[in-house]
Amino acid sequence: MERPGRLLLQSELRVRNAAYDVSLSRSLLTWKRRAASPVYHPFRPSVCHSVPVSEIISVREEEEENGSRQRDDGSWKKIREREGKDCRQAFTVLYVERCQQHRWRCAEVTFTCSDEAVCQHWVSSIREQLASNTSRPKNLLVYINPYGGKRQGKRIYEQKVAPLFTQAGISTSVIVTEYANHARDHLKMEAELKKFDGVVCVGGDGMFSEIIHGLIWRTQIDCGIDPNSPEEALSPCSLRIGIIPAGSTDCICFATVGTNDPVTSALHIIVGDSQPLDVCSVHHNSMFLRYSVSLLGYGFYGDVLSDSERKRWMGPARYDFSGLKMFLTHHYYEGTVSYLPARGIIGTPRDATRCRSGCVICQHNGQLNSERSEKYEMDEASDSESSGEWRTIRGKFLAINAASMSCACPRSPKGLSPAAHLADGTTDLILVRKCSRFNFLRHLLRHTSKDDQFDLTFVEVHRVRRFRFMPRHCQSDSDLELDLHENSKRQIFSQICKDHPACGCAPAYSSWNCDGEILTHTAIDVRVHCQLIKLFARGIEELPVFEDLTNPCAI
Ligand SMILES: CCCCCCCCCCCCC/C=C/[C@@H](O)[C@H](COP(=O)(O)O)NC(=O)CCCCC
Ligand SMILES: Nc1ncnc2c1ncn2[C@@H]1O[C@H](COP(=O)(O)OP(=O)(O)O)[C@@H](O)[C@H]1O
Ligand SMILES: [Ca+2]
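For the structure given in this document, a descriptive report is provided here. (Residues numbered from 1 in each chain as written. Chains lettered and ligands numbered in written order. Predicted model: local features only at pLDDT ≥ 70, side-chain atom pairs only at ≥ 80, totals over all residues. Heavy atoms only, no water.)

## Some details on the overall build of the protein chain
Thought 1: Looking only at helices and strands, the protein chain has twelve helices and 23 strands in total.
Thought 2: Element-wise, carbon and sulfur atoms account for 51% of the exposed surface of the protein chain, whose accessible area totals about 25900 Å². (Helix = DSSP H or I, 4+ residues; strand = E, 2+ residues; numbered from the N terminus. Areas by Shrake-Rupley, 256 points an atom, 1.4 Å probe, with all protein chains shown as cover.)

## Structural notes on the site of ligand 1
Thought 1: Neighbouring residues of ligand 1: 19 residues in total, closest Asp205, Gly206, Thr249, Tyr319 and Asn513.
Thought 2: A distance of 3.1 Å is found between an oxygen atom of ligand 1 and a backbone nitrogen or oxygen belonging to Gly206.
Thought 3: For ligand 1, the protein covers 88% of the area, taking 770 Å² as the surface of the free molecule.
Thought 4: For the shell around ligand 1, the residue count by class is eight nonpolar, seven polar and four charged. (Near = heavy atom within 4 Å. Polar contact = N/O pair within 3.5 Å; in protein donor to acceptor, adjacent residues only side chain to side chain. Nonpolar A, V, L, I, M, F, W, Y, C, P; charged D, E, K, R; others polar.)

## A look at the pattern of salt bridges
Thought 1: Counted under the stated rule, the structure contains 30 salt bridges.
Thought 2: Note that Arg218 and Asp222 form a salt bridge whose closest N and O atoms lie 3.8 Å from each other. Separated by four residues within a single helix, Arg218 and Asp222 lie in helix α4 (residues 205–222), roughly one turn from each other.
Thought 3: For Arg218, a relative accessible area of 16% gives the class buried.
Thought 4: For Asp222, a relative accessible area of 57% gives the class exposed.
Thought 5: Linked through salt bridges whose partners overlap, the residues forming this network are Glu55, Arg98, Asp273, Arg538 and Glu541. (Salt bridge = Lys/Arg side-chain N within 4 Å of Asp/Glu carboxyl O. Buried < 20%, exposed > 50% of the residue type's maximum accessible area, 1.4 Å probe, protein only.)

## Focus on the coordination of the calcium ion (ligand 3)
Thought 1: Coordination of the calcium ion (ligand 3) by the protein is provided by Asp278 (OD), Ser404 (O), His421 (O), Asp424 (OD) and Thr426 (O), with metal-donor distances spanning 2.3 to 2.6 Å.
Thought 2: If you list the donors of the calcium ion (ligand 3) from N- to C-terminus, the spacing comes out as D-x125-S-x16-H-x2-D-x1-T. Of this pair, Asp278 sits in strand β14 (residues 275–284) while Asp424 sits in the loop between β18 (391–403) and β19 (427–433); the two residues are 146 residues apart in sequence, bridging distant segments of the chain. The same class applies to Asp278 as to Asp424, namely buried. (Donors = N, O, S within 2.8 Å, 3.2 Å for Na, K, Ca; no water.)

## Side note on the site of ligand 2
Thought 1: Inspection of the region around ligand 2 gives 20 residues, with Gly149, Thr177, Gly204, Glu210 and Ser248 positioned closest.
Thought 2: Glu210 is positioned with one of its side-chain polar atoms (N or O) 2.3 Å from an oxygen atom of ligand 2.
Thought 3: Considered on its own, ligand 2 offers 570 Å² of accessible surface; in the complex 86% of this is hidden by protein.
Thought 4: The biggest single contributor to the shell around ligand 2 is α4, with four residues.
Thought 5: In terms of residue class, the shell around ligand 2 is built from five nonpolar, nine polar and six charged.

## Quick notes on the side chain of Ser412
Thought 1: Mapped onto the secondary structure, Ser412 falls in the loop between β18 and β19.
Thought 2: There is a polar contact of 2.9 Å between the side chain of Ser412 and the backbone oxygen of His447.
Thought 3: Aside from chain neighbours lying at most four places away, what touches Ser412 is Cys407 and His447. (Contact = heavy atoms within 4.5 Å.)

## Focus: the packing of aromatic side chains
Thought 1: According to the stated counting rule, one finds 15 aromatic pairs in the structure shown.
Thought 2: Seen in terms of ring centroids, Tyr298 and Phe469 are 4.7 Å apart; in terms of plane orientation they differ by 50 degrees. Their pairing is tilted. Placement of Tyr298 in strand β16 (residues 295–299) and of Phe469 in strand β20 (residues 459–471) is noted, with a sequence separation of 171 residues between them. With respect to class, Tyr298 is no different from Phe469; both count as buried.
Thought 3: Judged by centre distance (5.1 Å) and plane angle (40 degrees), the ring pair of Tyr298 and Trp512 falls under tilted. (Phe/Tyr/Trp six-rings, centres within 6.5 Å; stacked < 30°, edge-to-face > 60°.)

## Quick notes on the environment of His121
Thought 1: Its location among the elements puts His121 in helix α1 (residues 116–131).
Thought 2: Through-space distance from the C-alpha of His121 to that of Leu9 is 8.7 Å; in sequence the pair is 112 residues apart.

## A word on the pairing of strand β17 (residues 333–341)
Thought 1: Summarising burial for β17: eight of the nine residues are buried, a large majority.
Thought 2: As paired elements, β17 and β18 share seven bridges and run antiparallel to each other. Along β18, the bridge assignment pairs Tyr333 with Phe397.
Thought 3: Alignment of β17 against β20, held across seven bridges, turns out to be antiparallel. Across the sheet, Val337 pairs through a bridge with Phe469, a residue of β20. (Pairing = 2+ DSSP bridges.)

## Overview of the environment of Ala162
Thought 1: Looking at the secondary structure, you find Ala162 in helix α2 (residues 153–167).
Thought 2: Ala162 sits in the partly exposed class, given a relative accessible area of 21%.
Thought 3: Here the alpha-carbon distance between Ala162 and Thr172, two residues ten residues apart in the chain, equals 8.7 Å.

## Description of the packing of helix α3 (residues 182–190) against α4
Thought 1: Their axes nearest at 8 Å, the elements α3 and α4 cross at an angle of 15 degrees. Classified by the interaxial angle, the pair formed by α3 and α4 is roughly parallel. The handedness of the crossing between α3 and α4 is right-handed. Here His182, Ala183, Arg184, Leu187, Lys188, Met189 and Glu190 of α3 come into contact with α4, specifically with Met207, Glu210, Ile211, His213, Gly214, Leu215, Trp217 and Arg218.
Thought 2: Taken together, the residues of the contact of α3 with α4 break down into seven nonpolar, three polar and five charged. (Axes fitted to C-alpha atoms, helices over the stretch in contact; angles between N-to-C directions. Parallel < 35°, antiparallel > 145°, perpendicular 65-115°, else oblique. Left-handed = near helix turned anticlockwise from the far one by under 90°.)

## Here we look at α1
Thought 1: The end-to-end C-alpha separation of α1 is 22 Å, in line with the 22 Å expected for 16 residues at 1.5 Å each.
Thought 2: If you check which residues of α1 are buried, you get Cys119, Trp122, Val123, Ser125, Ile126, Gln129 and Leu130. End-on, the buried residues of α1 take up no more than an arc of 165 degrees, which puts them together on one face. In this structure, α1 carries Ala117, Glu128 and Ala131 as exposed residues pointing more than 90 degrees from its buried face.
Thought 3: Regarding α1, its N-cap is Asp115, as a side-chain oxygen of that residue lies 2.8 Å from the backbone nitrogen of Ala117 further along. (Expected span 1.5 Å × (residues − 1). Arc of directions from axis to C-beta.)

This is the structure in structure tokens:
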């Protein structure tokens, strides 16, 4: 809880029928009920509320007319607290209220007072404080995927989000996408980004992926950096991105906010939160393929995604269906994984601590990584390769997953890698070796309980800053044409086998699930770019354990 600091305003105002001492500092708005009598009353505790100014959404004047008051947005509202001729002026403060499970709601309190000048002074003082907060967005570019999740993106935005933006005085340019990659290409080539303070994505992880591809690409071009090069240090994007969850998994929203709730996300955007996020670039033979911020998964999660794409008509339930199917199919894949362990950083994937709002591990490791990236070329390209820092693991795997964040989602509230960090410049490489169906089920089930999914002999996890994967059957560049030909034959064949698991023929290749998009290449080179993008979020907040003694209400 913030300390109140020097008071800017202090008045006696009324809330409903009761008198309150109301004060405003640069950091806090506080209203404390006045005791009716100076005698201590054990059954009527003094009621005191305080709201950080940074969490005030807006202030609204109420104008009285014929016994009712008219809001300055034009709508009408009976004022219950009017109880005396002298109590005529009123204003309403809208602010963030925390509910269960990291949800935020917009609450409001109406103050009345007898003096119009006092009322005006309050309204203008609060507005001044809000205006002085430069991290709040004023103009947003909004992209809506009308086909994501349960196809509710447009409705969610119009009914739950747009009214809040209007109340907060945010203006918007809204684009409802008409085809896949519409948002990406608009950001890459057309959008007048200078006009905006941020971009809002209404959709799922796939839609978010479009947005970051457009934004990262555009930023590199504007900075004269080749976005295709696997060795370039990429330039961070200045525009923040807000995610209004309207997809099927919405893992990126869940893992950065703690809940998939459009109103909570809208409020994080309004108050101007900022959360840096690591981004992995994925290359194949030095050719850029995609970026990833959450899961890069080969084997199980790749197969679930490929299978589920054919069942989009089922909506989000397609993942449950394909998940069960792929679990029963139980394919394993042979290949070689090599990785550069993250060195000098704090934290391991087996830590009990979690990445939470204001995470010190992200701050420490982020600082370390930005210092390193300044001398990147020398460090990475020459040192690491030749000094034999790369480690190699060959084997048969049910799943190879790289989690750049916890990947928490409603299916698995702790995620694929519960101790992963949002902005530490690393990804957690999880290798699940070939094992029995029973053991794989034990591993999967542990994602949904308190048990450690890594504490199994066939599972290993490494915190890395770069990794490569090469499937066993992969051929050199010169054989590419033959490989592609073979591949397409194999894909047809493996499809038959997947559909007829009784034949016992396992496919040679899986595909990569890259934040919910299928990658066409299997041999990949992945590099983490520390804090390349920023979200309108603050990370998952630690739930309060006990009353804070610094709360001015408690003094
Ligand atoms: C028998 C109990 C099994 C429980 C297993 C639970 C493990 C779930 C971990 C899920 C991690 C999900 C990581 C996020 C992936 C998304 O990016 C991706 C696309 O999302 P969207 O665009 O919103 O559709 N979703 C998936 O790949 C779905 C994976 C589902 C796996 C069952
Ligand atoms: N107007 C559109 N028509 C068809 N596909 C679209 C459209 N807009 C975006 N997409 C694509 O839809 C896919 C899924 O989007 P997403 O919002 O992540 O939903 P879901 O979570 O259900 O997968 C993404 O690959 C995205 O590129
Ligand atoms: Ca990370």
